[in-house]
Amino acid sequence: MLKMQNIRKSYRSDTIETHALRDFSLEVKEGEFVSVTGPSGSGKTTFLNIAGLLETPTGGQYLLDGQEVGGLSDRDRSHLRNEKIGFIFQGFNLIPDLNLFDNIDVPLRYRGFNAKERRRRIEKSLEQVGLAARAKHLPAQLSGGQQQRVAIARALAGEPRFLLADEPTGNLDSLMARQVMELLEFVNEWGTTIIMVTHDPDLARRAHRNIQIVDGQVSDLRQVAQHKQSAIA
Amino acid sequence: MLELRPILSALWRHKVSALLIALQLGLTLAIVSNALVVISERTERISRPTGVAENEIVTFNFMAIPKDYDMYDAFRQDLDMIRALPGVASATISNHVPLSGSGSASGFYTEPNKETGAMGSNYYTVDEHFVDALGMKLIAGRGFYPEEIMQIDPSSNDRPKVSVVTQKFADDLFPESDGNVLGKSFFLGGDDHPIEIVGIVERNLGPWPNSSIAGRGAFYPAITDRWFYYIVRAEPGQRDEVLKLVEEKLAERDGNRVINANTMEEEKAQYFAGDNTMIKVLSGVIVLLTFIVALGIVGLTVFWITQRQKQIGVRRALGATRTAISRYFLLENLMIAATGIALGTAAAQIFNGFLVREFDQPALPVSVTVFCALGLLAVSLAAALVPALRAANISPAMATRSV
């Protein structure tokens, strides 16, 4: 599903070169739920950006669904992002001027679906996150947890192969965080591969596998117990 | 895929700033389209055919100092001398200079002893060289014979027997004659002395091209010492040399007079100075307003893009290509511009109605509004283009940044 080999990413300013990722290698299989943890500045976000085709690595090889994505044009990367990857951000990143329906519509329009198909997918995804009745509400009229559920609905509407979640519960209280986590576990059960960056060790333990990044490298790979049953319960 | 509805929703949330720019565009359209009509009308006025060889003609008059100065003798000697100079194509004497803003006019009738219902027209007193000297085109009949030229006192009841008129004079005084007026006579007010038309010249706008009688002209075979100008036509390309030479020779022939020399081009420029100033001022207004509206659009687009950097990053992360981002902002701009243009079209018509009613300005044709609307639309898109292209360069990684 996702295979990174010796990925390097460095940022250069006038006087200094910073290595965000160094010889970073990782393989994620289809259907996995992988959590990524590590201290601040360890390279978690850089990894997420490269995995989500938001940034290009300085070196190394990245295969997504068996396709080498290193040499793709910006346009092709945009299309691939739109078709295969769903994003969930810490700050929800909903567009404040658009209601929930139109927010979920954003990636579907870029995909080129017709109006009928878009409506079907939007209604279905809103139902999946339990917000079908709020389609015409603006994001500001919702709680943080509800906004994050809309963001999940937006990610799901395109039926992506995998979801990248960046601290999805970081801005939520514990109750809402638990609800969002349960939702992600459901989504994973339906077959979507999930990579979730988190600071929360409890949430990290609920994934199938936890990866720790330190100084831009994978420092530890641990299989964690399957928590789905308990999490759902 | 076009995002008209979401853009509309977003615009609705920022309706005040969007509406202000739309209003600015609308106001600019209303002013620019009306200014353009005025410019076009003034340009047309200035550039219409005058019927005379305006670029080849120089004019002279003089003030004689001695009281007993024999003017008619001076005319004869001066004109004989001028006609013999190199570079001179022809010369005549006239009471007035066409396009100069100074002339004589009278009321004309088709029947004797009439006092009301006259047709106004310019008239000139000239000698037999006038057609050539003014560079006019004789389209029917003849000019004057030397023996027909009279010396008249304008305040007396002296009347010429014959006249050459312009085509417009003939058409307006004898509308039923279909231009065939040779041999017909006209009369001055309260007068039973017929003046026979012996020739027709194609065109002569006269001394007041902006007046309602412009184009009507009657030429009399007469010389008067009350008002006089030597009208000298130079060979092509020799006008300035001829001006200098004639001025020198006139002074040389008789040093007791003050000579005033001008080109007809200068006379015309002076007459149309107001129109030219109006054209320049309105052109400046158009450029200034267009620049301000473009600046407003650039400012608003840059502001909105800066404000929405994160949102642009999110859109890119969700699959928007660079083209889609640029298109979004161009479409947003297009919708504001379209609203402004719709408002402006209505405002332009209302404003024009006011100008027509109150200031006798020309009506605004739809084609001018359409032309201005398309022009402003192009300016608006051009103004938004650079910020829109810069927006497309915002990285999708902006979506995961915390600021």
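Here the structure is shown first, and the text comes after it.
All values derive from a computational prediction rather than experimental measurement.

Colleague: Outline the overall build of chain B, supporting the account with residue identities and numerical values.
Modeller: Across its full length, chain B holds 11 helices and 12 strands. For chain B, the C-alpha radius of gyration of 32 Å lies well beyond 22 Å, the compact-globule estimate for 403 residues. Over its C-alpha atoms, taken along the principal directions, chain B stretches across nearly 100 × 50 × 35 Å. Relative to its 403 residues, chain B shows a buried fraction of 40%. The contacts of chain B with a sequence gap of at least 6 include a subset with a gap of at least 24, amounting to 84%.

Colleague: Before we move on, could you go through the overall build of chain A and cite the residues and values that matter?
Modeller: Within chain A one finds 8 helices and 10 strands. The C-alpha atoms of chain A give 18 Å as radius of gyration, which agrees with the globular expectation for 233 residues (17 Å, within 12%). Structurally, chain A occupies a C-alpha span of about 50 × 40 × 35 Å along its principal axes.

Colleague: Any details on the nonpolar core? Residues and values, ideally.
Modeller: F87, A153, L164, I194 and I195 of chain A together with L29 of chain B are the most contacted members of the largest nonpolar core, which totals 105 residues. Examining the composition of this core, we find that 10 residues originate from one element, helix α2 (residues 15-47) of chain B, more than from any other. Among the nonpolar cores identified, the runner-up in size contains 54 residues, and L134, L205, L243 and L250 of chain B belong to it.

Colleague: Give me the lowdown on the interface of chain B and chain A, citing residues and values where you can.
Modeller: Taken residue by residue, the interface counts 20 residues in chain B and 27 residues in chain A. Elements with a contribution of two residues or more to the side of chain B that touches chain A: α1 (4-13), α9 (309-317) and α10 (322-359) of chain B. Here the side of chain B that touches chain A is built from residues that sort into 11 nonpolar, 5 polar and 4 charged.

Colleague: So, helix α5 (residues 144-157) of chain A: which residues are in play, and what are the values?
Modeller: All names here are of chain A. Over its 14 residues, α5 extends 20 Å from the first C-alpha to the last, a length consistent with the 20 Å expected when each residue adds 1.5 Å. Where burial is concerned, most of α5 is hidden: 13 out of the 14 residues are buried. A positive backbone phi angle near 50° is found at E159, which sits one or two residues after α5.

Colleague: Lay out the sheet that holds strand β1 (residues 2-12) of chain A with the relevant residues and their values.
Modeller: Sheet architecture is open: 4 strands sit in the order β2-β1-β4-β5 (chain A), paired in antiparallel fashion. A strand with exactly one partner marks an edge of an open sheet, and here the two such strands are β2 (17-28) and β5 (67-68) of chain A.

Definitions and cut-offs
- Residues numbered from 1 in each chain as written.
- Chains lettered and ligands numbered in written order.
- Predicted model: local features only at pLDDT ≥ 70, side-chain atom pairs only at ≥ 80, totals over all residues.
- Helix = DSSP H or I, 4+ residues; strand = E, 2+ residues; numbered from the N terminus.
- Rg over C-alpha atoms; globule rule 2.2 N^0.38 Å.
- Buried ≥ 20, exposed ≤ 12 C-beta atoms within 10 Å, placed from the backbone.
- Contact = placed C-beta atoms within 7 Å.
- Core = buried A, V, L, I, M, F, W, Y, C linked by C-beta atoms within 7 Å.
- Nonpolar A, V, L, I, M, F, W, Y, C, P; charged D, E, K, R; others polar.
- Expected span 1.5 Å × (residues − 1).
- Pairing = 2+ DSSP bridges.

Structural measurements only, silent on function.
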